[in-house]
Amino acid sequence: MRLKIQIIHSMAHIIEQIRKNVAYQISELKRYFPDAKYEIQGNRTFIWKSGIKPSELSDIYIIKIKYSSSEGPKVYVLDPNLVIPKDRSLIHLNYDDTLCLFIFGEWQKDMSIAETIIPWTSEWLLYYEIWLATGKWLGGG
Amino acid sequence: MEQRQQFNQILRHIAESLDIPISKYELAKKRYTAVGKWLEDGYYVGMSSIPEIYVQGSFRLGTVVRPITEEDEYDIDLVCQLNISKQNLSPIRLKKIIGDRLKSNKDYARMMDKEGRRCWTLNYAEDSDGVRFHMDILPAIPDDDSWKHTLISKHGIPDQYAAYAIAITNKERINNSYDWLRSNPRGYADWFDNTKQPVYTQIETQEKLILIERHGDIYVSIEDVPNEIIKTPLQRVIQILKRHRDIWFQKNPENKPISMIITTLSALAYDNETELFLALINIIDKIEHYVDTGLIEKRIGQWWIPNPVDPLENFADKWNENPALPSAFFKWVEQLKYDFNNALKQKGLHKIAESLSPVIGQRSVADAFERLGTSYTENRKRGVLKTAVSTGVLSAGSGAIKNPDHTFHGPHN
């Protein structure tokens, strides 16, 4: 009986942590990107959508970030359609069309997406445009 | 406003990719210095002082444009001025003694082209980058004091420019006779320098520091950096216009406007703009509206673009012999206006690159955007790359979010 209660308390604690984490990410995002659209799904997932322009002369890209506490942030470019080379490593694009923005360890759950993923997304878009112009990926990696 | 700032940055990168590489420039300098020394050391009968050797043209003005292809060459113009008067020397004799001095060096003798109308030409062998130089050496003497006096008193040319007036030799095609022609490359260069001086003074130190950072293997201190490689927006505009011209007239080079016209009109139109894009647009605009600006004159039906330091010299004289030339010129100016305004309208750096590639050259544009990309990465590594709120616009310095360093990766499933 006591073990059952302990387990229920632990799970409740974990769920609370996840909810707090999601709440934290969203509040940070709202701070920096007040005009973005948010959709919260359950306790542990949300979707963020906004237009991002990496430079004054760049195009505006509609970005979707799907965040789940189990899988972390996944970034999609909804519009315009990306030009995708056969060798996806040229533009650091995953097979599920999410952007590869960091190597393992560079992003952790306690980091604010607003201060990491989004700036890195903007960089990705800039380097993508320059890749289209030059055939080279100049962002390192 | 900020879009124009970024376009400025792009134009600057483009102009830099039109530059002669620094190592190549230093090689050119070495070569013309060596030729100069050889000429200085010569014995010329009747001369009591050593010749004055100086560079003219784009190397002197700081408007050299890299050749588009390896088949094209860099052009170095060297004046060899003997200090003797017209009374004591005939043009044929002047031409010959300089030619003889060059030929007495066995290397130069081997490199020498057949005699030109006004100069002797040395052809240098291809360098490791596949690009050649050729050097035109112009024999010259100071022009008559009476002519200089006329320039000053009758035509209002400042003393300092008139003082440099020279006579060069010209071999007539028809009967191979030689006569004197008037010229004043040093006076022109001084006039050009004075035009850009205010902005040059503003940017000199900062630009030299940038060059030291980039070329630490060649330049160690500010004193090492030669003044003539610091480019004001005026010089950058001239470079861009010359390259645009080279590409636009690739199919009919016989109609292309001479660099003297482009350089002179740009310098006259330049209004000390520090922003490259503004300078470019304003200069093109003033040339287009030449009737109002007076940059190009029509005198009794004759086209005139007078040399600012010799008002009797008409840079547009060939326009009056061949109406295809002015027609081609004004069509080109229209094209300039269209091309640069069109580029600015594009959304996306890749679209801007696409619109500029055919007019500036694919390699130069790619090179420029590569350096643009690298500059963002350098800023990120230095910790100064920032992201603006709401828009996500990246810049060095302004923006609430500092981009942490990271590594692009993938793909993975």
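Scroll up to find the structure.
Presented here is a report on the structure given in the accompanying data block. Predicted model only: the values in this text are computed from it and were never measured. (Residues numbered from 1 in each chain as written. Chains lettered and ligands numbered in written order. Predicted model: local features only at pLDDT ≥ 70, side-chain atom pairs only at ≥ 80, totals over all residues. Heavy atoms only, no water.)

**Notes on the pairing of strand S5 (residues 166-171) of chain B**
Residue and element names in this part refer to chain B. Counting buried positions over the 6 residues of S5 gives 5, a clear majority of the element. With 3 bridges connecting them, strand S4 (residues 132-142) and S5 associate as antiparallel partners. Looking across to S5, one finds that isoleucine 141 is bridged to alanine 167. Across 6 bridges, the pairing between S5 and strand S6 (residues 178-183) is antiparallel. Across the sheet, isoleucine 166 pairs through a bridge with serine 183, a residue of S6. Linking two consecutive strands that pair antiparallel, namely S5 and S6, is a turn of 6 residues; a positive phi of about 60° is found at asparagine 176 within it. (Buried < 20%, exposed > 50% of the residue type's maximum accessible area, 1.4 Å probe, protein only. Helix = DSSP H or I, 4+ residues; strand = E, 2+ residues; numbered from the N terminus. Pairing = 2+ DSSP bridges.)

**Considering the sheet that holds strand S4 (residues 72-79) of chain A**
Residue and element names in this part refer to chain A. Spatially, 4 strands are ordered S1-S2-S3-S4 in an open sheet, and the strand pairing comes out antiparallel. What marks the edges here is a single partner per strand, and that holds for strand S1 (37-41) and S4. Shown here is a sheet whose adjacent strand axes are inclined to one another by a mean of 20°, direction ignored. As paired elements, strand S3 (residues 61-68) and S4 share 7 bridges and run antiparallel to each other. Paired with tyrosine 67 across the strands is proline 73, a residue of S4. Where helix H1 (residues 2-32) meets the sheet, its contacts fall on S1, strand S2 (45-52) and S3, and the angle it forms with S2 comes to roughly 15°. (Axes fitted to C-alpha atoms, helices over the stretch in contact; angles between N-to-C directions. Contact = heavy atoms within 4.5 Å.)

**Re the pattern of salt bridges**
Going through the model one piece at a time under the given rule, you end up with 40 salt bridges over all chains. A salt bridge links A:Glu123 to B:Arg380, with the nearest nitrogen and oxygen atoms 2.8 Å apart. Of this pair, A:Glu123 sits in helix H2 (residues 117-134) while B:Arg380 sits in helix H16 (residues 362-381), each in a different chain. Both residues of the pair, A:Glu123 and B:Arg380, belong to the buried class. A salt bridge links B:Glu297 to B:Arg299; its shortest N-O distance comes to 3.0 Å. With relative accessibility at 27%, the residue B:Glu297 sits in the partly exposed group. You can call B:Arg299 partly exposed: its relative accessible area is 33%. Several salt bridges converge on common partners, so that one network encompasses B:Arg12, B:Glu16, B:Glu207, B:Arg214, B:Asp367 and B:Arg371. (Salt bridge = Lys/Arg side-chain N within 4 Å of Asp/Glu carboxyl O.)

**A closer look at the nonpolar core**
Counting residues in each nonpolar core, the largest one holds 152 residues, and the members touching the most others are A:Trp48, A:Trp124, B:Val35, B:Ile137, B:Ile296, B:Trp319 and B:Phe329. If one sorts the elements of this core by residue count, H2(A) sits on top with 11 residues. Here B:Phe329 is in contact with B:Pro257, B:Ile261, B:Leu265, B:Ile287, B:Ile296 and B:Trp319, once residues within four sequence places are set aside. Formed by 7 residues, the second largest nonpolar core is a distinct cluster that contains B:Tyr54, B:Leu138, B:Ile166 and B:Ile168. (Core = buried A, V, L, I, M, F, W, Y, C linked by side-chain atoms within 4.5 Å.)

**Description of the packing of H2(A) against H16(B)**
The geometry of H2(A) relative to H16(B) is characterised by a closest axis approach of 9 Å and an angle of 160° between their N-to-C directions. Taken together, the axis directions place H2(A) and H16(B) in an arrangement best described as roughly antiparallel. For the pair H2(A) and H16(B), the crossing hand works out as left-handed. Residues A:Glu123, A:Leu126, A:Tyr127, A:Ile130, A:Ala133 and A:Thr134 of H2(A) lie in contact with H16(B), whose contacting residues are B:Ala366, B:Phe369, B:Glu370, B:Leu372, B:Gly373, B:Tyr376, B:Thr377 and B:Arg380. By residue class, the composition of the contact of H2(A) with H16(B) is 8 nonpolar, 3 polar and 3 charged. (Parallel < 35°, antiparallel > 145°, perpendicular 65-115°, else oblique. Left-handed = near helix turned anticlockwise from the far one by under 90°. Nonpolar A, V, L, I, M, F, W, Y, C, P; charged D, E, K, R; others polar.)

**Looking at the sheet that holds strand S11 (residues 385-387) of chain B**
Residues and elements named next belong to chain B. In spatial order, the strands read S12-S11-S13; together these 3 strands make up an open sheet with antiparallel pairing. The two strands at the open ends of the sheet, each matched to only one other strand, are strand S12 (394-396) and strand S13 (401-402). Direction of pairing for S11 relative to S13: antiparallel, over a ladder of 2 bridges. Note that in S13 the partner of threonine 387 across the bridge is isoleucine 401.

**Considering the packing of helix H1 (residues 2-17) of chain B against helix H9 (residues 233-248) of chain B**
All names here are of chain B. Between H1 and H9, the least distance of the axes is 9 Å, while the angle of their chain directions is 70°. Viewed along their axes, H1 and H9 adopt a mutual orientation that is roughly perpendicular. Viewed along their axes, H1 and H9 form a crossing whose handedness is left-handed. Contact with H1, carried on its side by Leu11, Ala15 and Glu16, involves Arg236, Gln239 and Ile240 of H9 and no other residues of that element. Residue composition of the contact of H1 with H9, by class: 3 nonpolar, 1 polar and 2 charged.

**As for helix H6 (residues 145-153) of chain B**
All names here are of chain B. For H6, the full list of buried residues reads Trp147, Lys148 and Leu151. Down the axis of H6, the buried side of the element spans an arc of 100°, and every buried residue falls inside it. Turned more than 90 degrees off the buried face of H6, the exposed positions are Asp145, His149 and Ser153. In this structure, the buried side of H6 is in contact with S4, helix H7 (159-162), S6 and strand S10 (310-314). (Arc of directions from axis to C-beta.)

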